[in-house]
Amino acid sequence: MTDCIFCKIINGDIPSYTVYEDDVVKAFLDISQSTPGHTLVVPKKHVKDMFEYDEDLAAAVFSRIPKIARAIKKSNPAIKGMNIVNNNGEVAYQSVFHSHIHLIPRYTTEDGFKMIFTDNGDKYDEAKYKEIQEAIIKQLEDEQ
Ligand code: 5GP
Ligand code: ZN
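The rules behind the values
- Residues numbered from 1 in each chain as written.
- Chains lettered and ligands numbered in written order.
- Predicted model: local features only at pLDDT ≥ 70, side-chain atom pairs only at ≥ 80, totals over all residues.
- Heavy atoms only, no water.
- Patch = residues over 30% accessible without salt bridge, like charges linked within 9 Å, V, L, I, M, F, W, Y side chains within 5 Å.
- Areas by Shrake-Rupley, 256 points an atom, 1.4 Å probe, with all protein chains shown as cover.
- Salt bridge = Lys/Arg side-chain N within 4 Å of Asp/Glu carboxyl O.
- Lys, Arg positive; Asp, Glu negative; His and termini not counted.
- Charge placed at Lys NZ, Arg CZ, Asp CG, Glu CD.
- Helix = DSSP H or I, 4+ residues; strand = E, 2+ residues; numbered from the N terminus.
- Buried < 20%, exposed > 50% of the residue type's maximum accessible area, 1.4 Å probe, protein only.
- Polar contact = N/O pair within 3.5 Å; in protein donor to acceptor, adjacent residues only side chain to side chain.
- Contact = heavy atoms within 4.5 Å.
- Near = heavy atom within 4 Å.
- Donors = N, O, S within 2.8 Å, 3.2 Å for Na, K, Ca; no water.
- Tetrahedral: all angles 85-135°; square planar, octahedral: opposite > 155°, others 65-115°.

**Q** Could you give an account of a negative patch on the surface, with specific residues and numbers?
**A** Side chains of Asp 54, Glu 55, Asp 56 and Glu 143 sit close together on the surface and give a patch of like negative charge. As for its placement among the helices and strands, Glu 55 is situated in helix H2 (residues 55–74). Residue classification places Glu 55 among the exposed positions, given a relative accessible area of 72%.

What follows is the structure, encoded as structure tokens:
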């Protein structure tokens with residue numbers, strides 16, 4: 001895609017600090033470095049978000065994640081953990097619409113990266129959980 005910043009990085013038209021590349025993905029340092037070592041794993045095929053992946057692309061892209069994650073972790077003994085995050089849609093904080101997976105090394109709980117999982121469990125009864133469960137199952141059955 002001509003006006004896509006990540007396609008330009010993949011093509012080498014825009015420089016990046018690449019740490020890994022093969023025929024399926026390119027992994028390079030995120031310019032923002034939310035924490036040191038913050039890396040993006042990007043499929044070379046331009047897909048907007050996770051909703052556009054097929055099974056083969058997902059298998060190919062996600063099979064690359066563990067070895068890149070391990071390499072980042074081993075690169076610095078101060079790294080104690082890692083958040084692996086994928087944003088889909090503006091409402092979910094996606095800002096570059098070429099799908100990518102964030103690998104965010106964690107040093108301490110106060111290292112600059114935050115995620116909040118609100119616990120709304122007290123607002124749900126069995127009927128509500130079931131309604132949501134069944135709606136999703138129906139869509140998955142329709143996908144077969
Ligand atoms: P999103 O918000 O879509 O999940 O993440 C997009 C990420 O791309 C952001 O963390 C942002 O810092 C990063 N980014 C945007 N433009 C560039 C760029 O030109 N080079 C690199 N390396 N990262 C970029
Ligand atoms: Zn692209």
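Following the structure, the description resumes.
**Q** A description of the side chain of Asn 88 should follow, citing residues and the corresponding values.
**A** Assignment of secondary structure puts Asn 88 in the loop between strand S4 (81–85) and strand S5 (101–106). Residue classification places Asn 88 among the buried positions, given a relative accessible area of 16%. Reaching out from Asn 88, the side chain makes a polar contact with the backbone nitrogen of Met 50 at a distance of 2.8 Å. Here the side chain of Asn 88 touches Asn 86 through a polar contact of 2.7 Å, side chain to side chain. For Asn 88, the contacting residues outside a window of four places in its chain are Asp 49, Met 50, Phe 51 and Gln 94.

**Q** Tell me about the site of ligand 1, and name the residues and values.
**A** If you check the shell around ligand 1, you find 16 residues, and the closest are Asp 30, Asn 87, Tyr 93, Ser 95 and His 102. One nitrogen or oxygen atom from the main chain of Ile 31 is found 3.3 Å from a nitrogen atom belonging to ligand 1. Residue His 102 places a side-chain N or O atom 2.8 Å away from an oxygen atom belonging to ligand 1. Listing elements by their share of the shell around ligand 1, those giving two or more residues are helix H1 (5–11) and strand S2 (25–29).

**Q** Tell me about the coordination of the zinc ion (ligand 2), and name the residues and values.
**A** For the zinc ion (ligand 2), every protein donor is listed as Cys 4 (SG), Cys 7 (SG), His 46 (ND1) and His 98 (ND1), and the spread of their distances is 2.0 to 2.3 Å. Given four donor atoms and angles of 102 to 117° at the metal, the environment of the zinc ion (ligand 2) is assigned as tetrahedral. Spacing between the donor residues of the zinc ion (ligand 2) along the chain follows C-x2-C-x38-H-x51-H. Of this pair, Cys 7 sits in helix H1 while His 46 sits in the loop between strand S3 (39–43) and H2, and the two are 39 residues apart along the sequence. Of the residues examined, His 46 reaches a relative accessible area of 25% and is grouped as partly exposed.

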